[in-house]
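Take a look at the letters that make up each chain.
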Amino acid sequence: MSPTQSPQTTLARGSWRESLRVAKILEKETASGALLLLAAVIAMTVANLAPEAYFGLRDFELVNANIFGMPLELTVGHFAADGL
């Protein structure tokens with residue numbers, strides 16, 4: 001290290017460009033978090049006000065195929081359980 005350079009520390013303040021990059025990432029996570037929260041509120045409302053519609057959507061088959069002789073039946077509920 002030359003005498004004119006200052007040592008880099010782990011928790012040092014980053015450059016302006018890096019700060020903008022982090023801000024963009026946080027904005028995207030905030031937007032996706034808000035969308036997820038909205039979807040959860042809508043799902044809870046529908047489940048409590050119209051349970052038949054909720055269970056109908058949960059049991060709706062997205063995939064009904066026969067792969068290598070084995071039946072593959074996947075519902076919206078299966079996809080949601082696998083994703084969470």
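Residues numbered from 1 in each chain as written. Predicted model: local features only at pLDDT ≥ 70, side-chain atom pairs only at ≥ 80, totals over all residues. Heavy atoms only, no water.

For the structure shown, the criterion picks out one salt bridge. One salt bridge in this structure joins Arg-58 and Asp-59, with 3.1 Å as the shortest N-O distance. The exposure class assigned to Asp-59 is partly exposed, which follows from its relative accessible area of 43%. (Salt bridge = Lys/Arg side-chain N within 4 Å of Asp/Glu carboxyl O. Buried < 20%, exposed > 50% of the residue type's maximum accessible area, 1.4 Å probe, protein only.)

With six bridges connecting them, strand E1 (residues 61-67) and strand E2 (residues 70-75) associate as antiparallel partners. Opposite Asn-66, over in E2, you have Pro-71 as the bridge partner. Connecting E1 to the antiparallel partner E2 that follows it, the hairpin turn spans two residues, and Phe-68 within it adopts a positive phi of roughly 55°. (Pairing = 2+ DSSP bridges. Helix = DSSP H or I, 4+ residues; strand = E, 2+ residues; numbered from the N terminus.)

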